[in-house]
Amino acid sequence: MEKDSEQMAETTNQQERDMESNSLHQPLLKRNLTLSSSPLALVGAKVSYIESLDYEINENDLFKHDWRSRSQAQVLQYIFLKWLLAFLVGLLTGLIATLINLAVENIAGYKLLAVVQYIDNKRYMMGFLYMTGVNFLLTLVATVLCVFFAPTAAGPGIPEIKAYLNGVDTPNMYGATTMFVKIVGSIGAVAAGLDLGKEGPLVHIGACIASLLGQGGPDDYRIKWRWIRYFNNDRDRRDIITCGASSGVCAAFRAPVGGVLFALEEVATWWRSALLWRTFFSTAVVVVVLRAFMEYCKDGACGLFGQGGLIMFDVGGVPVRYHVADLIPVTVIGIIGGVLGSLYNYLLHKVLRLYNLINAKGKLAKISLSLAVSLFTSACLYGLPFLASCTPCDPSLVDSECPSTGRMGNFKQFNCPKGHYNDLATLLLTTNDDAVRNIFSTNTPSEYRVFSLVIFFILYCILGLFTFGIAVPSGLFLPIILMGSAYGRLLGMAMGPYASIDQGLYAVLGAASLMAGSMRMTVSLCVIFLELTNNLLLLPITMLVLLISKSVGDCFNPSIYEIILELKGLPFLEAHPEPWMRNITVGELADVKPPVVTLSGIETVGRIVDVLRNTTHNGFAVVDSVGQVSEVHGLVLRAHLLLVLKKKWFLQERRRTEEWEVREKFTWVDVAERWGTIEEVAVTKEEMEMYVDLHPLTNSTPYTVVETMSVAKALVQFRQVGLRHMLVLPKYHGHGVPPVVGILTRQDLRAHNILSAFPHLEKSHTSKKGR
């Protein structure tokens, strides 16, 4: 017996090693090439089993009774609690965003002030060692937290949020430990000067706050108050997490409307008007909190924090004038953004595959990779400004403005004589947010040299590729903004006397174009940039740039978040089905699956236990026999069957139960929760012979389709309604005809899995396109 268990353990370990030891030319996740494949995905540091979420309303007898018996006061309480949670999500996200900004600005600011002091005293090696050492320690703290305590906190978290709102439950993504590591790790990684932003982590932090509030706290310390348990279901949790994601974007950019539109355009699959109001309310609370702290901190009460305003890159006072001739360089910026954005996605895809091989070697390899990137970044940020020559200050500037030795300012002295400044140090030897402010600065046509901007662009292209993917919380927005603003400003310098648009505005357009070319967002990005720059006159040309960049990028590859979703193996359902999906029916899909497992309306306990032990299905069709014909009563969930077994709601004889019997044993709260696994249930031999009436717990109105419906049409319905199970019914009913042809799930409707069973579909479509 011991030998058998050792062999099984060895086999399991070998399978896990096989899953994670992929070659550079394979996907990050080995896939089971069958239609009924087990849902596996790369979550955090390992391959995990994932489940779909039950967004569909389960209209069983308990739900209907609860809906009928709710008083007006209970309905108002439910609505009030939704708005209260939206308020708390906005409030806590705003407070944590302020804390992160406060910590980053002070840690990075005082570090840079010390480095500048060493440089002023000609102690160059000491300055390099100090800067490298501090960055090394900050990166080490962020990496160790992610590797040992919360692997799911690494990365931006936005792809997993997209997957969750699409209907995929990823384990350990929204826990308290993950949120804590995300906060501390983000502070350490950004303050260490790594080429990453805090925008992605803030979106994840907002989602974690929302999830923890919705479920009453962490799993081990969950509050059991009755009013909190109103939201203990996937449907309401989805709405709250949507509010959290939009609040995170708002906290990162101080853009409340942009945050709402980001959630609508990029992360949310399902939307309605009531959700729009609550997300807008949450982002409004975030803005109020941020503004209040900035007013408090602007006089120096918070150290080096508070130098900026509510608008991060305010160019509201800059006159924006452009003519028809200016549309040519604007179009060029859009095309460059689309090409470079798709190229960035392609190269980052390759780098992430390479990092997967390195990270598969263990925790020490992950830590070593992060520290190596930190050392390389520190060396470049400190050493490259020595390559740039000193530039004399403009005589019209006040002495306090040029040169400056502090953290703020566009004209850093950096080893230059009095009256001169180093333009490359202005961009590199500063915090990431200040670097963006500096390169976006207007009315500075001769501040930067072409050589410095080229060095800056090349450096951040390299750092942007090799920093994302290490084991620290990271965001993609800031690296892309820095890269895009560099070539935008270069184009503005090239146009020079031929254009009437300021070079700083060219930098803004360049950043917008690269973000659209990589992330493929348009409306939300447009509004975010308008809220950042506080200048509505930029609207027409920003819209043009974004549309061109997205269109060009779409010609080459998907968005960066879609690439990450595919690499991780998360079964995200796209909005548009493949053209060949119209050539196959759902009945044909059901035919290549294992036979459907059904239960009787009144079933034996032994049959239920047997089904739960020998299948992994999460839903089972309930079939009643009426004479010689069987008819579908509905769909019962695995969680509800486990609930019945745990509460031992058994009958001595085969009969239907009364309504009062059901309400005496179960409440709507019980039905909303998940109830562990079948291994946790103990059933005696005598109980196996008893019966269970499944009718009260069965969803009597599941979504069904006829077997002749095309897969394309079924996929659209499945995604838009947010289903977990779709019943396929026969076209003709009668004696000898099975009442259910099959049950389709998310995995069955994925293009990859369908083509594994029907490879001729893609070939036929390809041959038609070739003609």
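Only a predicted model underlies this, so the values are computations on that prediction, with no experimental measurement involved.

Visitor: Would you mind showing me how to read the pairing of strand 10 (residues 629-637) here?
Guide: One face of the sheet, then the other: side chains in a regular strand alternate in exactly this way. Bridge count for strand 9 (residues 619-626) against strand 10 is 8 bridges, and the pairing is antiparallel. Along strand 10, the bridge assignment pairs Val-622 with Gly-634. With antiparallel pairing between neighbouring strands as the criterion, strand 9 and strand 10 make up a hairpin whose turn holds 2 residues, including Gly-627 at a positive phi of roughly 70°.

Visitor: Whenever I open this one, the UniProt feature "transmembrane region" (unreviewed entry) in the protein chain confuses me. Can you help?
Guide: The UniProt record annotates "transmembrane region" (unreviewed entry) at residues 78-104, 124-150, 240-263, 275-294, 301-322, 328-348, 450-483 and 536-553. In residues 240-263, the share of helix is 92% and the share of strand is 0%. The end C-alpha atoms are 12 Å apart. Along residues 536-553 one finds 83% helix and 0% strand; the C-alpha atoms at either end are 26 Å apart.

Visitor: What should I look at first to understand the packing of helix 3 (residues 72-120) against helix 7 (residues 199-215) in this one?
Guide: For any two helices packed against each other, one specifies the crossing angle of their axes together with the interaxial distance. Where helix 3 meets helix 7, the closest approach of the two axes is 9 Å, and the angle between their N-to-C directions is 140°. The pairing of helix 3 with helix 7 is recorded here as oblique in orientation. Crossing of helix 3 over helix 7 shows right-handed handedness. Contacts between helix 3 and helix 7 involve Leu-85, Leu-88, Val-89, Leu-92, Thr-93, Ile-96, Ala-97 and Ile-100 from the former and Leu-202, Ile-205, Gly-206, Ile-209, Ala-210 and Leu-213 from the latter. Of the residues that constitute the contact of helix 3 with helix 7, the class distribution is 12 nonpolar, 2 polar and no charged.

Visitor: Would you take a moment to explain the sheet that holds strand 9 for this structure?
Guide: Sheet strands line up and pair through hydrogen bonds in the backbone, either parallel or antiparallel. Across the sheet, 3 strands lie side by side as 7-9-10; this open sheet has mixed pairing. Among the strands making up the open sheet, the edge pair consists of strand 7 (598-600) and strand 10. Between one strand and the next, the sheet's axes are offset by a mean angle of 40°, whatever the strand orientation. The sheet contact formed by strand 7 and strand 9 spans 3 bridges and is parallel. Among the inter-strand pairings, Leu-599 is bridged to a residue of strand 9, identified as Val-622. With respect to the sheet, helix 23 (residues 638-647) is in contact with strand 7, strand 9 and strand 10, its orientation differing from that of strand 10 by roughly 85°.

Visitor: Would you mind showing me how to read the packing of aromatic side chains here?
Guide: Think of a pair of aromatic rings as described by two things: how far the centres are apart, and how the planes are tilted against each other in angle. Taken as a whole, this structure holds 13 aromatic pairs when the rule is applied. Ring geometry for Trp-83 and Phe-281: centres 5.5 Å apart, planes at 65°, overall edge-to-face. Placement of the pair is Trp-83 in helix 3 and Phe-281 in helix 10 (residues 273-297), with a sequence separation of 198 residues. When its relative accessible area of 33% is taken as the criterion, Trp-83 is described as partly exposed. Joined through ring pairs, the aromatic side chains of Tyr-124, Phe-128, Tyr-382, Phe-386 and Phe-414 make up one cluster.

Visitor: Which parts of the structure should I look at to understand the nonpolar core?
Guide: Inside soluble globular proteins, nonpolar side chains tend to come together where they are buried. By size, the foremost hydrophobic cluster in this structure holds 140 residues, and its most contacted members are Phe-253, Phe-456, Leu-476, Phe-477 and Met-519. Listed in part, the 28 residues of the second largest apolar core include Val-605, Leu-643, Val-671 and Val-692.

The rules we used
Residues numbered from 1 in each chain as written. Predicted model: local features only at pLDDT ≥ 70, side-chain atom pairs only at ≥ 80, totals over all residues. Heavy atoms only, no water. Pairing = 2+ DSSP bridges. Helix = DSSP H or I, 4+ residues; strand = E, 2+ residues; numbered from the N terminus. UniProt positions renumbered as here; feature names shortened; annotations may be inferred. Axes fitted to C-alpha atoms, helices over the stretch in contact; angles between N-to-C directions. Parallel < 35°, antiparallel > 145°, perpendicular 65-115°, else oblique. Left-handed = near helix turned anticlockwise from the far one by under 90°. Contact = heavy atoms within 4.5 Å. Nonpolar A, V, L, I, M, F, W, Y, C, P; charged D, E, K, R; others polar. Phe/Tyr/Trp six-rings, centres within 6.5 Å; stacked < 30°, edge-to-face > 60°. Buried < 20%, exposed > 50% of the residue type's maximum accessible area, 1.4 Å probe, protein only. Core = buried A, V, L, I, M, F, W, Y, C linked by side-chain atoms within 4.5 Å.

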